[in-house]
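# Reading the structure
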Amino acid sequence: MTAGIEHTAPTTHRRLNIAMIGTRGVPAAYGGFETAVEEIGRRLVDRGHDVTVYCRRTTQPVPKEYLGMKLVELPAVRHKILETLSHTGLSVLHATLHRPADVAFVFNAANAPFVPLLRLRGIPSVVHVDGLEWKRAKWGGAGRRYYRWAEEVSVREADALIADAQGIVDYYRDEFSIPTELISYGTRILHDTPADRLAELGLRPGGYHLVVARFEPENHVDIIVEGYRASEARLPLVVVGSAPYAAEHTNRISDLAASDSRIRMLGSVWDQNQLDQLYKHASTYLHGHSVGGTNPSLLRAMGAGTKVIAWDVVFNREVLGRDGAYFSGADSLRALIEDAEVSPERVAEVAAALQARAEHLYNWDSVTTSYEKLARRVAVGYSTHRQSSGRAGVSMWSLSDSLSKQPSTAPSRGIIL
């Protein structure tokens with residue numbers, strides 16, 4: 001079952017040639033799309049499919065193969081706007097000039113303008129649309145207009161759309177009258193995670209509050225720092241993250257943190273084992289993301305068995321359900337941090353409930369099954385191409401500056417198969 005439409009699964013079980021385009025590639029070391037590509041791609045390979053992942057060229061050489069996936073390394077223009085588009089353009093060109101895939105998964109609606117080129121080569125395309133990028137303050141007027149236009153292109157030209165949250169499904173239904181596949185992310189469940197890498201950072205298990213985020217206005221790291229500074233918290237605040245194209249906002253966060261000796265700014269942490277330990281052994285995880293869909297950092301904290309205090313927005317409420325704690329400003333966060341420190345038993349109880357929720361709803365094997373079923377349907381002819389005009393309507397989504405008031409028409413849930 002998918003959001004808004006039911007299908008009968010095709011009976012064929014032939015081997016598929018699948019391309020994954022539009023991310024930085026694997027091994028995953030940056031964001032949610034990359035993690036999804038790695039976790040889904042490796043499982044599709046295990047199920048007998050051929051998977052090609054297009055990777056951006058970096059200072060480190062990319063292997064020809066990783067976990068059974070074939071990797072194609074191509075360059076990109078190092079620019080906030082052009083990096084993704086330049087690499088995707090080259091990736092699509094490569095895909096059209098070589099053995100055509102049975103289906104291409106294109107990540108990020110910004111890359112949708114390249115989908116018609118895949119169609120010309122006879123390659124069915126599925127676009128994973130991500131969150132509401134046009135609401136991000138980091139994009140100027142031209143950038144926001146581009147993202148809105150790219151959404152319209154994805155609606156018209158793709159054979160199917162994937163959204164990772166019910167709120168995004170609702171958005172595409174309300175704005176474009178188009179059915180969208182609801183396939184969320186998965187996460188790993190951490191149990192007996194060691195704590196030896198914490199000592200390197202001068203931390204102890206259960207002895208800190210944690211933030212992991214890119215320093216972008218919509219992630220509210222500055223509000224989190226302000227709320228913590230105003231609190232009487234005894235445990236330090238550990239902040240992991242940076243922003244390559246947001247120096248002004250990064251400086252604001254650094255300036256706020258500099259006046260409080262309890263705040264530890266770690267910058268980017270790429271060591272995934274150390275990150276696992278940071279998530280697993282935090283007293284609370286503070287999550288300020290507001291415009292994406294289902295956020296992988298949020299799921300990672302849940303899978304680690306950590307209590308989450310999250311920005312009050314429909315996407316976060318959908319993921320956390322009744323076990324989440326929610327804030328909408330520095331004052332409400334201050335109170336929640338203080339409450340967490342005086343109620344460790346309640347913190348442990350909520351953390352266990354969130355981990356159980358993550359294990360039940362956000363499972364990579366189930367996610368992969370959904371991708372595989374969709375790939376098979378699209379490969380044998382299912383398509384929403386031109387089902388919608390692609391013209392955005394005037395709705396509460398485009399008129400509102402806040403997503404916290406946006407309703408979801410479905411109860412909190414994760415993966416729908």
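Definitions and cut-offs
Within every chain, residues take consecutive numbers counted from 1 along the sequence as written. Residue-level local features of this predicted model are given only where pLDDT is at least 70; pairs of side-chain atoms are given and counted only at 80 or more, and the full residue set underlies all totals for whole chains, interfaces and linings. With hydrogens and water stripped out, all remaining heavy atoms of the structure feed into the side-chain values. For two strands to count as paired, DSSP must find a minimum of two bridges between them. Comment: elements are numbered from the N terminus, with helices defined as DSSP H or I runs of at least four residues and strands as E runs of at least two. Patch membership requires over 30% relative accessible area and the absence of a salt bridge. Like charges are linked within 9 Å, and nonpolar side chains (Val, Leu, Ile, Met, Phe, Trp, Tyr) within 5 Å. Surface accessibility follows the Shrake-Rupley procedure with a 1.4 Å probe radius. Residue values consider only the protein chains on display as shielding. By convention in these notes, a salt bridge is any Lys or Arg side-chain nitrogen within 4 Å of a carboxyl oxygen on Asp or Glu. For every residue, the accessible area obtained with a 1.4 Å probe (protein chains only) is divided by the maximum for its type, and the residue is called buried under 20%, exposed over 50%, and partly exposed between those limits. Throughout, a contact is declared for two residues whenever any of their heavy atoms are within 4.5 Å. N or O atoms within 3.5 Å of each other form a polar contact, as long as, within protein, one can give a hydrogen and the other can take it, and as long as residues adjacent in sequence are counted only when both atoms are side-chain atoms. The criterion for an aromatic pair is that two Phe, Tyr or Trp rings (for Trp, the six-membered ring) have centres within 6.5 Å, with stacked assigned to planes under 30 degrees apart, edge-to-face to planes over 60 apart and tilted to the rest. For a ring to carry a charge above it, either NZ of a lysine or CZ of an arginine must fall within 6 Å of the ring centroid while also lying within 35 degrees of the normal to the ring plane. Axis geometry follows a simple rule: fit a line to the C-alpha atoms, using only the stretch in contact for helices, then measure angles between N-to-C directions, giving values from 0 to 180 degrees. By definition in this entry, angles of less than 35 degrees are roughly parallel, angles greater than 145 are roughly antiparallel, angles of 65 to 115 are roughly perpendicular, and the rest are oblique. Note on convention: the crossing is left-handed when the near helix lies turned anticlockwise from the far helix by less than a right angle, right-handed when the turn is clockwise. Only Asp, Glu, Lys and Arg are considered charged, only Ala, Val, Leu, Ile, Met, Phe, Trp, Tyr, Cys and Pro nonpolar, and every remaining residue, Gly among them, polar. Buried Ala, Val, Leu, Ile, Met, Phe, Trp, Tyr and Cys residues form a nonpolar core when they are joined through side-chain atoms within 4.5 Å. Domain start and stop positions are those given by an automatic or database domain assignment. The handedness rule is simple: strands pointing away from the viewer, and a clockwise path from the first strand over the helix to the second, make the crossover right-handed.

### Observations regarding the sheet that holds strand β7 (residues 160-163)
- Across the sheet, eight strands lie side by side as β3-β4-β2-β1-β5-β6-β7-β8; this open sheet has mixed pairing. At either end of the open sheet lies a strand with only one pairing partner, and these are β3 (65-66) and β8 (181-182).
- Bridge count for strand β2 (residues 50-56) against strand β4 (residues 69-74) is five bridges, and the pairing is parallel. Bridge pairing in β4 places V53 opposite L71.

### Re a nonpolar patch on the surface
- Judged by side-chain polarity, V77, I81 and L82 come together as a nonpolar surface patch covering roughly 230 Å² of accessible area.
- Mapped onto the secondary structure, I81 falls in the loop between β4 and α2 (82-97).
- With a relative accessible area of 38%, I81 lands in the partly exposed category.

### Side note on the environment of S231
- Note on placement: S231 falls in the loop between α7 (221-229) and β10 (237-240).
- Here S231 falls in the buried class, since its relative accessible area comes to 5%.
- Apart from the residues within four sequence positions on either side, S231 is in contact with R262, R334, I337 and E338.
- Among the polar contacts made by the side chain of S231, one reaches the main-chain carbonyl oxygen of Y228 at a distance of 2.7 Å.

### Here's the deal with the packing of aromatic side chains
- Within the structure shown, the criterion is met by 10 aromatic pairs.
- Here Y279 and Y285 contribute two aromatic rings whose centre-to-centre distance is 5.6 Å and whose plane-to-plane angle is 45 degrees, an arrangement assigned as tilted. In this structure, Y279 and Y285 share a single accessibility class: buried.
- Linked through ring pairs, Y146, Y147 and W149 together constitute an aromatic cluster.
- The ring of Y326 has R317 lying over it, and the distance from NZ or CZ to the ring centre is 4.0 Å.

### Here we look at the environment of L67
- Inspection of the secondary structure assignment puts L67 in the loop between β3 and β4.
- Classification of L67 by relative accessible area gives partly exposed; the value is 36%.
- Those residues in contact with L67, other than ones at most four positions away along the chain, are E38, R42 and V45.

### Comments concerning the sheet that holds strand β13 (residues 307-311)
- Spatial strand order, β11-β10-β9-β12-β13-β14: six strands in an open sheet with parallel pairing. If you trace the sheet from one side to the other, it starts and ends with β11 (263-267) and β14 (325-327), each paired once. Averaged over all adjacent pairs, the angle separating strand axes in this sheet is 25 degrees, with direction ignored.
- Two elements, β13 and β14, share three bridges in a ladder whose sense is parallel. Paired with I309 across the bridge in β14 is A325.

### Section: the packing of helix α9 (residues 272-280) against helix α10 (residues 296-303)
- Taken N-terminus to C-terminus, the directions of α9 and α10 make an angle of 65 degrees; their axes are 9 Å apart at the nearest point. Considering the angle they form, α9 stands roughly perpendicular to α10. The chirality of how α9 crosses α10 is right-handed. Every residue of α10 that contacts α9 at Q272, L275, D276 and Y279 is listed here: S297, R300 and A301.
- Taken together, the residues of the contact of α9 with α10 sort by class into three nonpolar, two polar and two charged.

### Concerning the nonpolar core
- By size, the foremost hydrophobic cluster in this structure holds 61 residues, and its most contacted members are M20, V53, F105, L210, L278, M302 and V308.
- When we break this core down by domain, the ones giving at least three residues each are domain 1 (17-186 + 381-396) and domain 2 (195-362).
- Here L278 is in contact with L198, L201, L203, Y208, L210, V240 and L266, once residues within four sequence places are set aside.
- Grouped together as the second largest cluster of nonpolar side chains are 58 residues, F176, A213, Y228 and I253 included.

### Overview of the pairing of strand β5 (residues 103-107)
- Burial analysis of β5 places five of its five residues in the buried class, which makes it a mostly covered element.
- Neither face of β5 is open: one carries V103, F105 and F107, the other A104 and V106, and all of them are buried.
- Note: strand β1 (residues 17-21) against β5, four bridges, orientation parallel. Across the sheet, the residue bridging to A19 is A104, located in β5.
- With four bridges connecting them, β5 and strand β6 (residues 125-128) associate as parallel partners. Residue V106 lies in a different strand from β6, and its bridge partner there is V127.
- Crossover β5 to β6 through helix α3 (residues 115-120) is right-handed.

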